[in-house]
Each structure stands twice: as C-alpha cells, then as structure tokens.
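# Report on the structure
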Amino acid sequence: MNVIQVDRLVKRYGSFTAVDGVSFDVRPGEVFGFLGPNGAGKTTTISVLCTLLRPTEGRAIVNGFDVAHQSDEVRRSIGLIFQDPSLDIQLTAQENLDFHAFIYDLPARESRARQEELLRMVELWERRNDRVRTFSGGMKRRLEIARGLLHRPRVLFLDEPTLGLDPQTRRHIWQYILGLREKEGITLFLTTHYMDEAEYCDRIAIIDHGKIVALDTPARLKAGVGGDIITLRTTDNERAAAELQARFGLEAARQDGMVRLEVPRGDEFIPRLVQDLTSQIVAINMSRPTLDDVFLKLTGRAIREEEGSAKDTMRLGARMWGGRR
C-alpha cells in the first residue's frame, strides 16, 4: 500500500490555480522529490498534504488518512520541516523539543530518551541547554530535523530543507537526511529547486506551473534526454546552427550565446564536428545529461531561481498564520 496517494489534486486561490490536477503516489521507505522552480506549486502541494491548506478539488491520502476529512490523524502520523525557520530562538534546544513533545502528548520519560537519541544523531547533544538564537543556520536546521522526528512519524516532509544555506552546510544536512531512512525506517518527501539535491531521490516528480510534467527515477529521466550534450560557441552561431542541420541533420538550439545540441556518443562526434564544421569554433564542451537538461527539454527553459508568485505566497502565508484551512 502506498504511503501517499494523490489523485487529481487542485488548489486555487480565486482565479489563480497554484496546483493543477496533479496525481502521484509515494511508496513506503522511499525518498521522493518534488523538483521545480520557485512558484511552481511545490510548497502549496506539500501544504495540502500536511493539512495546512484544504484542496479545492481532488483527493489526497497520507498514511491511510484523507487530508480533507481526517486532518488530526494525518498530523499525528507525519513530521514537517518548514521552508522558513520555525523554532523559538529564545528557548533552548531542549525546551523547543519539550514543547513539541507536549503538543504531541508524549510521555516525559519516552520524550527525554528520544530527545537524547535524536540530538546525538544531529550532533547537538552538547548544545541542548543553549538558546537557539546562538545557533548557526545549519545547527537550526539540524534541530528542526530532530524535532520533526521526535514523535516517530511515518512520513517526514521537508520543504526546501537547505534553502539559504552555504554549500558545505547543505552537504552536512544531506548527510543527516540520507541517514534517516536507514536509522528511522521512514518515508521522506522533499521539495527542492536544487538539481544536485534531486539526485538523492529514488524518484522525482518535476512540477512546473502547477502541473507534473514528468515522474521517474533520476537515471531514467536523464536517459530520456536523448544523448550527450554538446555546447559550442562560434564566430557565427546562427550560421553554425544552420550548418549543423544541413550537414549533420542535427537540430541545434541557441541559448546564452552558445549553440546546444544532443548527440549519442558525443566523445566520438566532437572530432568529426571540429574537422567538418566550416564555422569557426571558439569554444566547445561536452557533458552527460543532467536534471537541468531534463528540465530544459521538458519545459523549454532552464530551471529558474526566482521569487514565487506573489499572490500564491501572500495568500498561503495569510492562511498559515491565520490558522484557516
């Protein structure tokens, strides 16, 4: 039985459709990723699954519970790491965990044993009595992970878990995240717009403008690109693209001052290209397909790190802070 089952889910804000009929499932113990640019509908979808928002249409089942009609049961069975910091920085690390244990009605003895286990796992046990305001961004994220696991959820949702962190801290956070499935035996559902992070997932759903445009393993998604990626800059890119079509039968795209094409066995093709292309080549590069290339092929543009829809963000924030679903 799937841990999460989503069927034709829609979320609208007036005339604006943030999530547009998405359907997918998540298997037990899976690391499942939602990949897409900011404003694509990732956070809205995860907010519906976590019962922070009610769906406009469609159905979503989490751990066997309907998110629209059994919200309390859903909340008791999941953990959530918010995109924005949600710790009380005036409290100590242990006091933050104590408050979480109180909300989930955990017995004191069980809670204290679990806190020590988790704080040691994220290497914060020695800082348990320090106020969170003294923690770095990475330490706060690690504490949020520990808090999200305190009540032993079956699914842990992580909304952009490393957003705003430096590359080294991001790597450290992922060391903890990837160890969770083995140590805790739980399902991980994460959203991200970082391509390198998406590579950690068992399966990825690529979402853009509220729609899922592809869903598969990272390897299969990249295999669908069609070949190696060759980019070159010439003295006349327009002429080079036309020549590639006429001489080699290759469709080439012009992007950011470069000519981009896909070919099988690119390392064997490059010597022939350099020898036979009459347009003067200034620079040339070959790479294996990446998830960036997958997104470019599916959407016609590179993934963008831009601000989300102001309307989506403002309305979502109002509902979350106002307590209305």
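So, a few notes on the structure that sits alongside this text. (Residues numbered from 1 in each chain as written. Predicted model: local features only at pLDDT ≥ 70, side-chain atom pairs only at ≥ 80, totals over all residues. Heavy atoms only, no water.)

### As for the overall build of the protein
Worth spelling out the cut-off: What counts as a helix is a DSSP run of H or I of at least four residues, what counts as a strand is a run of E of at least two, and both are numbered from the N terminus. Burial classes: relative accessible area under 20% of the type maximum marks a residue as buried, over 50% as exposed, and values in between as partly exposed (1.4 Å probe, protein chains only). Contact between two residues is taken to exist if any of their heavy atoms lie within 4.5 Å; hydrogens are not considered. Two residue types count as positive, namely Lys and Arg, and two as negative, namely Asp and Glu; His and chain ends fall outside the count. Where a charge lies is defined by one atom per residue type, namely NZ (Lys), CZ (Arg), CG (Asp) and CD (Glu).
Regarding its fold elements, the protein presents twelve helices and 14 strands. Every one of the 325 residues in the protein was classed for burial, and the buried ones make up 48%. When contacts within the protein are restricted to residue pairs at least 6 apart in sequence, those whose partners lie at least 24 apart make up 73%. Within the protein, one finds 47 positive and 47 negative side-chain charges whose respective centroids are separated by 4 Å.

### Quick look at helix H6 (residues 167–184)
Definition in use: Multiplying 1.5 Å by the residue count of a helix minus one yields the expected span of that helix. Residues adjacent in sequence count toward polar contacts only when both atoms are side-chain atoms; beyond that, a polar contact is any pair of N or O atoms within 3.5 Å, and within protein one must be able to donate a hydrogen and the other to accept it.
Over its 18 residues, H6 extends 26 Å from the first C-alpha to the last, a length consistent with the 26 Å expected when each residue adds 1.5 Å. Residues of H6 that are buried include every one of Thr169, Arg170, Ile173, Trp174, Tyr176, Ile177, Gly179, Leu180 and Glu184, and no others. Buried residues along H6 sit in contact with helix H4 (108–121), helix H5 (137–149), strand S7 (155–159), strand S8 (187–192) and helix H7 (195–198). The backbone nitrogen of glutamine 168 lies 3.1 Å from a side-chain oxygen of the residue at the head of H6, namely aspartate 166. The positive-phi residue at the C-terminal boundary of H6 is glycine 185, with phi of around 65°.

### Quick notes on a nonpolar patch on the surface
What counts, and what does not: A patch is a set of surface residues, each over 30% in relative accessible area and not in a salt bridge, joined within 9 Å for like charges and within 5 Å for the nonpolar side chains Val, Leu, Ile, Met, Phe, Trp and Tyr. For the area figures, the Shrake-Rupley method with a 1.4 Å probe applies, and any residue is considered shielded solely by the protein chains shown. By convention in these notes, a salt bridge is any Lys or Arg side-chain nitrogen within 4 Å of a carboxyl oxygen on Asp or Glu.
Together, Phe99, Phe102 and Ile103 give the surface a local cluster of nonpolar side chains, amounting to about 380 Å² of exposed area. Tracing the sequence through the fold places phenylalanine 102 in helix H3 (residues 93–103). Given a relative accessible area of 66%, phenylalanine 102 falls into the exposed group.

### Some thoughts on the packing of helix H9 (residues 237–248) against helix H10 (residues 266–276)
As a reminder, the rule being used: Axis definition: a line fitted to C-alpha atoms, over the contacting stretch in the case of helices. Angles run 0 to 180 degrees between N-to-C directions. Roughly parallel refers to an angle under 35 degrees, roughly antiparallel to one over 145, roughly perpendicular to one between 65 and 115, and oblique to any angle outside these ranges. For this classification, Asp, Glu, Lys and Arg are treated as charged, while Ala, Val, Leu, Ile, Met, Phe, Trp, Tyr, Cys and Pro are nonpolar and the rest, including Gly, are polar.
One can describe the packing of H9 onto H10 by two numbers: an axis separation of 12 Å at closest approach and a directional angle of 110°. Our classification of the angle between H9 and H10 gives roughly perpendicular. For the pair H9 and H10, contact is made by Glu243, Leu244, Arg247 and Phe248 and by Phe269, Arg272, Leu273 and Asp276, respectively. Looking at the contact of H9 with H10, its residues break down into four nonpolar, no polar and four charged.

### Re the packing of H5 against H6
Any two packed helices are characterised by the angle at which their axes cross and by the distance between the axes. Applied cut-off: By convention the crossing between two helices is left-handed if the near helix lies anticlockwise of the far one by an angle smaller than a right angle, and right-handed if it lies clockwise.
Direction vectors running N to C along H5 and H6 enclose 15°, while the axes themselves pass 10 Å from each other. One finds that H5 runs roughly parallel with respect to H6. Read as a crossing pair, H5 and H6 show a hand that is right-handed. For the pair formed by H5 and H6, the contact residues are Gly138, Arg141, Arg142, Ile145 and Leu149 on the first element and Thr169, Ile173, Tyr176, Ile177, Leu180 and Glu184 on the second.

### Quick look at the side chain of glutamine 115
Its place among the elements puts glutamine 115 in helix H4. Of note is the side chain of glutamine 115, whose polar atom sits 2.8 Å from the side chain of aspartate 98. Beyond its immediate sequence surroundings of up to four residues, glutamine 115 is in contact with Gln94, Leu97, Asp98 and Leu150.

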